[in-house]
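# Commentary on secondary and tertiary structure
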Amino acid sequence: TRARVLDAHARREVARSSRATDRARSRRRRGEVFRTPGSRRRAESRGVDVCERRARRREGAMQTPDWGALEAVDGVRLSWNVWPNSKIEATKCVVPFGALVTPRKHLPEMPVVPYDPVRCKGCAACLNPYARVDFNGKLWICPFCYTRNHFPAHYASISETNLPAELFPTYTTIEYNLQRPKAPPPAYLFVVDVCLVEDELAALRQSLAQALSLLPENALVGLITYGTHVHVHELGFAECQKTYVFRGNKEFTQAQIQDQLFQGAGGFRGNARNVNPNHHHPNGDPNATGPSGGAAASKFLAPLSECEFSLSAILENLQRDSFSALPECRPARCTGTAIACAATVLSSTLSSLPARALLFVGGPATEGGGAVVGKDLEQAMRSHKDIAKDAAPFMRKASKFYETVATQLCVNGHSLDVFACSLDQVGLAEMKVCAEKTGGMVVLAESFANTVFKTSFARMFSYEGEDALGVSSGGVFEVITSRDVRTAGCVGPCAALDKKTLPGAVADAAIGAGGTTAWKLCSMSNDTSLAVYFEVANAGGKEGSAGTVPPSQQQQQFFLQFVTTATTPAGETRLRVTTTTRRWTDGANVNDVAAGFDQEAGATLVARQLTWKMETEEEFDCPAATRWLDRSLIRLCQRFGDYRKDDPASFQLMPQFSIYPQFMFNLRRSQFVQVFNNSPDETAYYRLVLWRECVLNSLVMIQPTLMAYSFNGPPEPVLLDVCSIAPDRILVLDAYFAVVVFHGQTIAQWRKANYQDQPEHEAFKQLLEAPQADAKEILDRRFPVPRLVDCDQHGSQARFLLAKLNPSATYNSGAMGGQGSDIIFTDDVSLQVFMEHLKRLAVAS
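Residues numbered from 1 in each chain as written. Predicted model: local features only at pLDDT ≥ 70, side-chain atom pairs only at ≥ 80, totals over all residues. Heavy atoms only, no water.

Looking now at the environment of V418. With respect to the helices and strands, the residue V418 is situated in strand β15 (residues 415-421). A C-alpha to C-alpha distance of 8.6 Å links V418 and A357, two positions 61 residues apart in sequence. Residues in contact with V418, not counting those within four places in the same chain, are L359, V361, L428, M431, M441, V442 and V443. (Helix = DSSP H or I, 4+ residues; strand = E, 2+ residues; numbered from the N terminus. Contact = heavy atoms within 4.5 Å.)

Laid out in C-alpha cells, this is it:
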C-alpha cells in the first residue's frame with residue numbers, strides 16, 4: 001500500500017513538474033519568463049518598450065519593400081499586398097484595391113513554350129505553379145475554384161522530377177506560342193485632312209512618304225482624303241486614279257456606305273477573311289481570290305508592293321480642298337464622315353484581322369456627323385466652362401456619333417490612331433472614345449512640321465531595336481480571381497466583353513469598364529498598362545470584425561490570374577499567363593495591412609479612378625474632385641497615422657505612407673484635375689495617356705522629376721520646389737509631356753557671352769551639354785515624344801517650370817527664397833501649408 005501511495009505521489013509530482021515546464025515553455029514563447037516577483041515587476045515595466053522595439057524592428061524589415069522588383073518579374077503591381085479579410089475593413093483602407101498590369105511588358109526571364117495551356121474546366125484558369133498536383137492520379141486542383149482536373153494525354157509522363165514549365169515555382173509568368181496560322185501584318189488606312197494650309201499639307205505629305213518607306217512590302221495600305229467631301233481612293237484600279245465621293249454635310253449609315261463602295265460585289269462580307277492571299281504570301285497571286293469579296297477588298301486596300309507607285313503619285317499630287325472657306329468662316333471639314341467611311345472599309349474587308357485607321361486632322365469638324373462647331377468664326381469652340389454650363393450644342397450629338405463608330409471598330413478588332421496637329425482644338429474631346437476603346441495612339445501637336453508629330457509618327461513604324469513600340473493587335477485580357485475577390489472593372493485602353501468566369505466574380509459597383517472579367521484590346525504596345533480594380537467579397541460581421549472568416553483563413557492566400565491573348569507584330573498568336581498570390585489578414589491588424597501598401601501604385605490607381613469619375617459623372621467637376629481627394633486623404637491619415645487627439649504636432653504617418661500625401665498634393669494641382677488654362681482637347685489627351693502608362697510614367701505625370709546640374713558635383717535630384725532655382729544651376733524638369741531645360745541667370749549670361757566657345761572654359765561647355773544630352777535621351781525613349789523647352793531664368797518660357805514647382809516662396813509670403821532664387825506669383829498653397837492643414841484635420845476629434 002505504501003508503495004502504491006508513493007508511486008501515485010511520484011506520478012503527481014512528475015505531472016505537476018511537466019505542467020510547470022509546459023507553462024514555462026509557453027511563457028517563453030510569448031516572451032514572458034518570470035522567475036521572481038521582482039523580475040516580473042521589472043519585466044512589466046519594460047514590457048511596453050520591448051514591444052515597441054520589436055514593432056520597430058518589424059517595421060524596419062517591411063519599411064522599404066522593392067515593389068518595382070516584383071513588377072519587373074511579372075509586370076504586375078498591386079496597391080495593397082496584404083488584404084483585410086472583410087469588406088468593411090477593406091472600405092476603411094480608402095485607397096482602392098487594384099492591380100496595374102502591363103500585359104505585353106518585355107520580361108527577359110519569361111519562358112515561351114510552343115504548346116497550348118491546360119485550362120480548368122470550372123473557371124477556365126490556366127495551370128500554374130500554385131495548383132496542387134496528384135502525380136499518381138494525374139490530377140491537378142485549381143487554386144481558384146478547387147475543381148479537380150485531369151491532365152491531358154500528353155502529360156502522362158509528369159512526375160515530381162519531370163515537371164512542365166508552367167509548374168515551375170519561379171515561372172509565375174509564362175507565355176504560350178499558340179499553334180495558329182501566322183497572321184498577316186496589320187493594314188494601314190490613311191485618313192488625310194486636305195483643309196490645311198499649303199505648308200502644313202507639304203509637311204504631312206513628306207511624313208506620309210517616309211511612313212510608306214518604313215512599311216513592309218506585303219502590308220495592305222489604303223487612302224481616304226476629306227475636306228468638304230470624303231474621297232475613298234481605289235488603289236486597285238491601275239488604269240487611272242479612281243475615287244468614291246461622299247457628301248460631307250450628310251450623315252451616312254454603315255449600310256449606305258457599304259452599298260456605295262461595294263455595289264455589285266455580293267458576298268463581300270462573307271469572304272472578308274480571304275480578302276487577299278497576297279497579304280499572307282507576298283509572292284502569291286493577287287487574282288487568286290476566288291469569290292468577289294477579295295476583288296472588292298483589293299479595290300481600297302492593296303499590298304504596298306503593288307500600289308506603291310500609284311499611292312505615291314496620289315500623295316505627291318495631293319492638293320488643298322478645292323472648296324475654299326468663305327470669309328470669316330471655317331473650312332468645311334467632315335472628319336466624322338471620313339472616320340465612318342474608314343471604319344466601314346476596314347470592317348467590310350478585314351473583319352477580325354489586324355488593321356489600323358490613321359487619322360490626320362488639322363482643325364475642327366464643321367460638317368456632317370461628328371461636327372463640333374459651326375462654320376462661322378464668331379462661334380467659338382466649346383470650353384470647359386461651356387461644357388459645365390451645358391452650353392456646348394454640338395458635344396452630345398458628336399460624342400454619340402463617335403461612340404457608334406468606336407463600337408463598330410471594336411467589334412471588328414480595328415483601332416483608330418489620331419494625329420491632331422493644330423493651334424486650335426480639333427474635337428479630340430468628342431472622338432477620344434474611338435482611341436480609348438480601340439487602344440489607338442494619340443499625338444497632339446501644334447503643327448505637322450513639329451518635331452513632336454514627325455518623330456512620334458515615324459516611331460509607329462519602327463519594328464526593331466529599342467525604339468520599337470511592339471504594337472500587338474487582336475488582344476483579349478481576362479482576369480480570374482479567388483472566390484473571396486470580385487472584379488470591379490478596368491480603366492485603360494480597352495472595351496468590355498460580356499464574359500464572367502464564375503457566378504459572383506463581378507462586383508456590384510463598377511469602376512471603369514465593369515460588369516465583366518474580360519476586355520478586348522484591339523491594339524496595345526509593350527508599355528500599355530491596365531488598371532484592374534477589385535473588391536473584397538466577404539461581408540464580415542455586423543460590427544466590422546472578421547465575421548464569418550474562420551481564424552485559419554486569416555493567414556490563407558488568395559490568387560489572381562491575368563490571361564492575355566494577342567497577335568504579335570511578327571504574326572504569332574501568344575497567350576501570356578501571369579499568376580500571383582497575396583495573403584489575407586485580420587482587418588483590425590492595421591500594421592500588417594499597412595506593411596503591404598505600395599504608395600506609388602496606390603497613387604496611380606487613385607489618379608485613374610479620379611479621372612474616370614470626372615469623365616463619366618457630370619456633377620463630378622474640378623472642385624468636387626478636389627474635395628473627394630482631400631476627404632479621402634484625411635480618412636487615410638486618420639486610419640494609418642500615429643497621433644494624439646487634437647494634437648497636430650504628434651501626427652506621424654507610417655513609413656509606407658510617407659510620400660503618398662505629396663503625390664496627392666501634386667495630383668490635385670495637375671492638369672488631370674485642374675482644367676484651368678487647358679482646353680477640353682488637351683485635358684482629354686492628358687487623361688488618355690495617363691490611362692495607358694505604367695506606374696513610373698504615371699508618377700512622372702503626377703509629380704515631375706527635377707535634376708540639377710552645377711560645377712559643385714555630378715547631376716543630382718532636387719526638390720520640386722522653387723527654392724531649387726539658383727543662378728549657377730541648370731535644371732532639367734521631366735513632366736512627361738514636356739521636358740524643360742532651365743538655365744539659371746548667371747549660367748544664361750555666361751552662355752550668351754559665348755564662354756563655352758573659349759578653350760579655357762571647356763568645363764562650362766560640358767556643363768551646358770550634359771542636360772541637353774539627358775533631355776535628348778528622355779525624348780528618344782518616350783512615346784508620344786514630349787515637347788522640349790529650352791529657357792532661361794526670368795524668361796517667358798520659364799513658366800513651364802514655375803507652373804510645376806511647389807510655391808514655397810510667393811509674392812505674398814514672408815520667405816522670399818534663397819539668394820538668387822525665384823518667387824512664384826500665385827495664390828496656391830504650398831506643400832508645407834497643405835501638410836499643416838492635413839495634420840490638423842486628421843487629428844481633429
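Formed by 136 residues in total, the largest nonpolar core has its most connected members in W80, W83, V232 and L667. Looking at this core, the element that brings in the most residues is helix α17 (residues 622-640), giving 9 residues. The residues touching L667, leaving out its near neighbours within four places in the chain, are V606, A607, L610, L629, F672, V673 and I702. L212, L315, A445 and F783 belong to the second largest nonpolar core, which has 37 residues in total. (Core = buried A, V, L, I, M, F, W, Y, C linked by side-chain atoms within 4.5 Å. Buried < 20%, exposed > 50% of the residue type's maximum accessible area, 1.4 Å probe, protein only.)

What follows concerns the sheet that holds strand β28 (residues 730-734). Read across the open sheet, the 5 strands follow the order β27-β26-β28-β29-β30; overall the sheet is mixed. Pairing within the sheet leaves two strands with one partner each, and these edge strands are β27 (713-717) and β30 (787-792). For this sheet, the mean inter-axis angle between neighbouring strands, taken without regard to orientation, is 15°. Where strand β26 (residues 705-710) lies against β28, 5 bridges are found, and the strand directions are antiparallel. When the bridges of β28 are listed, T705 appears paired with D734. (Pairing = 2+ DSSP bridges. Axes fitted to C-alpha atoms, helices over the stretch in contact; angles between N-to-C directions.)

Evaluation of the coordinates by the stated rule reveals 43 aromatic pairs. When the centroid spacing of 6.1 Å and the interplanar angle of 70° are considered together, the rings of F144 and F559 count as edge-to-face. Of the two residues, F144 sits in the loop between β6 (139-141) and β7 (148-150) while F559 sits in strand β22 (residues 557-567), which places them 415 residues apart along the sequence. Residue F144 is classed as buried on the basis of its relative accessible area, which comes to 1%. Residue F559 is classed as buried on the basis of its relative accessible area of 9%. Members of the aromatic cluster, joined through ring pairs, are W80, W83, F97, F534, F558, W584, F597, F640, F657 and Y660. One Lys or Arg, K613, reaches over the ring of F620 and ends 5.0 Å from the middle of that ring. (Phe/Tyr/Trp six-rings, centres within 6.5 Å; stacked < 30°, edge-to-face > 60°. Lys NZ or Arg CZ within 6 Å of the ring centre and 35° of its normal.)

Turning to the state of the cysteines, a few remarks are in order. Within the structure shown, the criterion is met by 0 disulfides. C490 takes part in no disulfide bond, and the closest cysteine sulfur, belonging to C494, lies 3.8 Å away. (Disulfide = S-S within 2.5 Å.)

Together, F711, W750 and Y755 make up an exposed nonpolar region whose accessible area comes to about 290 Å². With respect to the helices, strands and loops of the structure, W750 is situated in helix α21 (residues 745-752). (Patch = residues over 30% accessible without salt bridge, like charges linked within 9 Å, V, L, I, M, F, W, Y side chains within 5 Å. Areas by Shrake-Rupley, 256 points an atom, 1.4 Å probe, with all protein chains shown as cover. Salt bridge = Lys/Arg side-chain N within 4 Å of Asp/Glu carboxyl O.)

So, about the side chain of T438. The residue T438 is located in helix α13 (residues 428-438) in this model. On the accessibility criterion, T438 (0% relative accessible area) is buried. Setting aside anything within four residues of it in sequence, one finds T438 in contact with A406, L409, C410, H414, S415, L416, C522 and S523.

With an omega of -5°, the peptide bond running from F783 to P784 counts as cis. Considering the arrangement of structural elements, one finds P784 in the loop between α22 (762-781) and β30. Phi is positive for N677, which is not a glycine, with a value near 70°. Its place among the elements puts N677 in the loop between α18 (660-669) and α19 (680-690). Here H794, not a glycine, exhibits a phi torsion of approximately 70°, which is positive. Mapping H794 onto the fold places it in the loop between β30 and α23 (799-802).

To continue, consider the confidence of the model for the chain. Confidence in the prediction of the chain, expressed as mean pLDDT, is 86, and 85% of residues score 70 or more. Long-range and interchain partners of residues 265-295, a stretch whose pLDDT sits below 50, account for 49 contacts in this model, where long-range means more than four residues apart. (pLDDT = per-residue confidence, 0-100.)

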